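What follows is each chain in one-letter form.
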Amino acid sequence: MIARLAACLSLLALAACATTPPAPQIVTKTVQVAVPVACNPAIGAAPSYPDTDAALKAAPDVYQRVKLLVAGRLERIAREAELTAALGACEGGGS
């Protein structure tokens, strides 16, 4: 009986060694990785605003001073809009 058990175990061991493992499957996957890119928008130099101290002091009357102040404010608003748009493009909001 022991001989029969030994024979069965040896046949089982030989059968286990005779099987070959399956060939490995090659799977290609695409991985998307965000790559940081430096953002350097071309916004240009700051404009020379018309409401400088020298221009306001040289204005002949209050009307001319207010005109200079309003013109300077409008230019500053336009410049702020330009800078905000450039910042939004850098943050990814302006695609």
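Please read all numbers here as calculations on a predicted model, not as lab measurements.

### Overview of helix α3 (residues 62–90)
Step number 1: Between the first and last C-alpha of α3 there are 42 Å, a value that for 29 residues agrees with the 42 Å anticipated at 1.5 Å per step.
Step number 2: Those residues of α3 that fall on the buried side of the exposure criterion are Gly72, Arg79 and Ala86.
Step number 3: Of the residues trailing α3, Gly92 is marked for its positive phi of about 95°.

### A closer look at the packing of aromatic side chains
Step number 1: One pass over the structure, following the stated rule, counts 0 aromatic pairs.
Step number 2: Above the plane of the ring of Tyr49 lies Arg76, whose end atom (NZ or CZ) is 4.2 Å from the centre.

### Section: the pattern of salt bridges
Step number 1: Taken as a whole and assessed by the stated rule, the structure comprises 1 salt bridge.
Step number 2: When the shortest N-O distance is used, the salt bridge between Arg76 and Asp51 registers 2.9 Å. With Arg76 in helix α3 and Asp51 in the loop between α1 (2–18) and α2 (53–58), this pair connects stretches of sequence that are 25 residues apart.

### Some points on the side chain of Asp51
Step number 1: Note on Asp51: relative accessible area 14%, which makes it buried.
Step number 2: At a separation of 2.9 Å, a polar atom in the side chain of Asp51 contacts the side chain of Arg76.
Step number 3: Contacts of Asp51, omitting those with residues within four sequence positions, involve Leu56, Leu68, Leu69, Gly72 and Arg76.

### Focus: the confidence of the model for the protein
Low pLDDT means the predicted atomic positions in that stretch should not be read closely.
Step number 1: The predicted model of the protein averages 86 in pLDDT, with 93% of residues at 70 or higher.
Step number 2: No element of the protein has a lower mean pLDDT than α1, at 78, and none a higher one than α2, at 94.

Thresholds applied
Residues numbered from 1 in each chain as written. Predicted model: local features only at pLDDT ≥ 70, side-chain atom pairs only at ≥ 80, totals over all residues. Heavy atoms only, no water. Helix = DSSP H or I, 4+ residues; strand = E, 2+ residues; numbered from the N terminus. Expected span 1.5 Å × (residues − 1). Buried < 20%, exposed > 50% of the residue type's maximum accessible area, 1.4 Å probe, protein only. Phe/Tyr/Trp six-rings, centres within 6.5 Å; stacked < 30°, edge-to-face > 60°. Lys NZ or Arg CZ within 6 Å of the ring centre and 35° of its normal. Salt bridge = Lys/Arg side-chain N within 4 Å of Asp/Glu carboxyl O. Polar contact = N/O pair within 3.5 Å; in protein donor to acceptor, adjacent residues only side chain to side chain. Contact = heavy atoms within 4.5 Å. pLDDT = per-residue confidence, 0-100.

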